[in-house]
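Each chain is listed here by its residues.
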Amino acid sequence: RVLDLGIITAGAGTSAILADAGAEVLKIESARYPDPFRAWSPGSRNANQETSPVFEFTNRNKQGLGLDLKTEAGRNLLLDLAEQADVLVENFRRGVLDELGIGRERLQERNPRLVLASISSQGETGPDRGYTSYGSTLEATGGLAAITGYPDGPPVITGQNVNYPDQIVSICAMGLIVAAVIQARQDGVGVH
């Protein structure tokens, strides 16, 4: 059972792959802060679509729940759900869960075997941990954009809807999460 706080591709895509593999995934959003992919690519929508195709793709096979994590009631409901979950996936800016009062220590108190999967481009520690980034940002800073495109042309990112780094991290994260869940089931202790 996966609680999905992931947004856009890196977090939501990771949970989608877990759902593809058979996990029960509960996508958690709030009206105050819905997944930005809901409004992505408005030009590609059909008249009958409520959300964008990229939102539908990264949130396939999931159930949805609206919780406002900025309220005590919303946080308490999330913690109640965490007691029965195996995994919580998030890709917020570092420190957001702690600021909300639902960080690793609080989750661990409620469920010691919970695996917390924080998908972060800049890591949990270090001078850049607070930076927000997207696949396109990583392509530029990592040099991929400089070697993509035509000779003598400008750097090119892989695309608006399919940023290569986000897709790769989702696949790698899924494997790491499954390994962590197996370990947590053996020793009763989840990891971050």
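Now for a description of the structure that goes with this document. Treat the numbers as computed from the prediction; the structure is a model and nothing was measured.

### Brief notes about the sheet that holds strand β3 (residues 62-66)
- In spatial order, the strands read β3-β2-β1-β4-β5; together these five strands make up an open sheet with parallel pairing. The sheet is open, and its two edges are formed by β3 and β5 (115-118), each paired on a single side. For this sheet the average axis-to-axis angle between neighbouring strands, irrespective of direction, equals 20°.
- Relative to strand β2 (residues 25-29), strand β1 (residues 2-4) runs parallel, the two sharing three bridges. Residue pairing across strands places Leu 3 opposite Leu 26, the latter belonging to β2.
- Sheet strands in contact with helix α1 (residues 10-20) are β1, β2, β3 and β4 (87-90), and its direction is about 150° off that of β1.

### Considering the nonpolar core
- Ranked by size, the top nonpolar core spans 19 residues in total, and within it Leu 3, Leu 5, Leu 78 and Leu 88 carry the most contacts.
- Broken down by secondary-structure element, the contributors of at least two residues to this core are β2, α3 (72-83) and α4 (96-100).
- Setting aside chain neighbours within four positions, we find Leu 78 in contact with Leu 3, Leu 5, Ile 28, Leu 67, Leu 69, Leu 88 and Ile 102.
- With 16 residues, the next largest nonpolar core counts Val 2, Val 89, Ala 180 and Ala 184 among its residues.

### Brief notes about the pattern of salt bridges
- Across all of its chains, the model carries 13 salt bridges by this definition.
- Its salt-bridge partner being Arg 110, residue Asp 80 comes within 2.4 Å of it at the nearest N-O pair. Here the residue Asp 80 occupies a position in helix α3, and Arg 110 occupies one in helix α5 (residues 104-110), the gap between them amounting to 30 residues.
- For Arg 110, a relative accessible area of 26% translates into the label partly exposed.
- The residue Glu 90 makes a salt bridge to Arg 94 at a minimum N-O spacing of 3.0 Å.
- Taken together, the shared-partner salt bridges in this structure form one network comprising Asp 80, Glu 83 and Arg 110.

### As for the pairing of β2
- Of all five residues making up β2, five are buried, and the element is well covered by its neighbours.
- Along β2, one buried face is formed by Val 25, Lys 27 and Glu 29 and the opposite face, lined by Leu 26 and Ile 28, is buried too.
- Handedness of the crossover joining β1 and β2 through α1 is recorded here as right-handed.
- Both β2 and β3 contribute to a ladder of five bridges, which runs parallel. By the bridge assignment for β3, Ile 28 is matched with Leu 65.

Definitions and limits used
Residues numbered from 1 in each chain as written. Predicted model: local features only at pLDDT ≥ 70, side-chain atom pairs only at ≥ 80, totals over all residues. Heavy atoms only, no water. Pairing = 2+ DSSP bridges. Helix = DSSP H or I, 4+ residues; strand = E, 2+ residues; numbered from the N terminus. Axes fitted to C-alpha atoms, helices over the stretch in contact; angles between N-to-C directions. Contact = heavy atoms within 4.5 Å. Core = buried A, V, L, I, M, F, W, Y, C linked by side-chain atoms within 4.5 Å. Buried < 20%, exposed > 50% of the residue type's maximum accessible area, 1.4 Å probe, protein only. Salt bridge = Lys/Arg side-chain N within 4 Å of Asp/Glu carboxyl O. Right-handed = clockwise from strand over helix to strand, strands pointing away.

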